[in-house]
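# Observations on chain architecture
If you want the building blocks of each chain, they are given just below.
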Amino acid sequence: MAIIYDVVERRNPAKPNEPHKWHLYCKSIGTVSESEVARQIAEETTLNPKEAEMALAQLRKIVLRNLHAGNTVRLGDWAYFYATLQCEGAETEKEAVPAKVKKVAMHLGYDKTFQADLNNATFVSAKSLQKKEDEPTTEEP
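Keep in mind that what you see is a predicted model, and the values were worked out from it rather than measured.

Our next topic: the sheet that holds strand S6 (residues 123-125). Overall, mixed pairing links the three strands, which are arranged S2-S1-S6 in an open sheet. The open sheet has two free edges, formed respectively by strand S2 (21-26) and S6, since each of these has just one partner strand. The sheet shows a mean angle of 45° between the axes of neighbouring strands, direction not considered. Relative to S2, strand S1 (residues 3-10) runs antiparallel, the two sharing six bridges. From the neighbouring strand, Glu9 faces S2, where its bridge partner is Trp22.

Next comes the structure, spelled out in structure tokens:
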């Protein structure tokens, strides 16, 4: 398995007068549903798929509860959820009140070991996958 990438030409917003450069970006080839994740978890554990789905549903509820309580939620030594705020700035500290909050965002952070494992990825060009799909298949009699 490999991470699929495509190539796009972009400018540097900090240096708009410089020539554009080519960059790779991840290209998703699909989405894996919660029930599919549960099925895969079931294959790796003693849980059946419905139990795994329930565990995922409960994880969502527990993460949300703990973020609302002001906690960061750590999942083992590989990832953690935390909340951030997007709000209007205020002229004074006294005017900086919760009414200025426009959005609460949840983020997923990850630890160095997870990052190291992710960096072991191999890559394949989306164009090369497209060429394989476009090639005619030959059937033998």
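So, next bit.
Among the nonpolar cores identified, the biggest contains five residues, and these are Val63, Leu67, Val73, Leu75 and Phe81. Counting only elements with at least two residues in this core, the list comes to helix H2 (49-68) and strand S3 (73-75). Here Val73 is in contact with Val63, Asn66, Ala79, Tyr80 and Phe81, once residues within four sequence places are set aside.

Basis of the calculations
Residues numbered from 1 in each chain as written. Predicted model: local features only at pLDDT ≥ 70, side-chain atom pairs only at ≥ 80, totals over all residues. Heavy atoms only, no water. Pairing = 2+ DSSP bridges. Helix = DSSP H or I, 4+ residues; strand = E, 2+ residues; numbered from the N terminus. Axes fitted to C-alpha atoms, helices over the stretch in contact; angles between N-to-C directions. Core = buried A, V, L, I, M, F, W, Y, C linked by side-chain atoms within 4.5 Å. Buried < 20%, exposed > 50% of the residue type's maximum accessible area, 1.4 Å probe, protein only. Contact = heavy atoms within 4.5 Å.

Take it as geometry only, folks, not as evidence of what the structure does.
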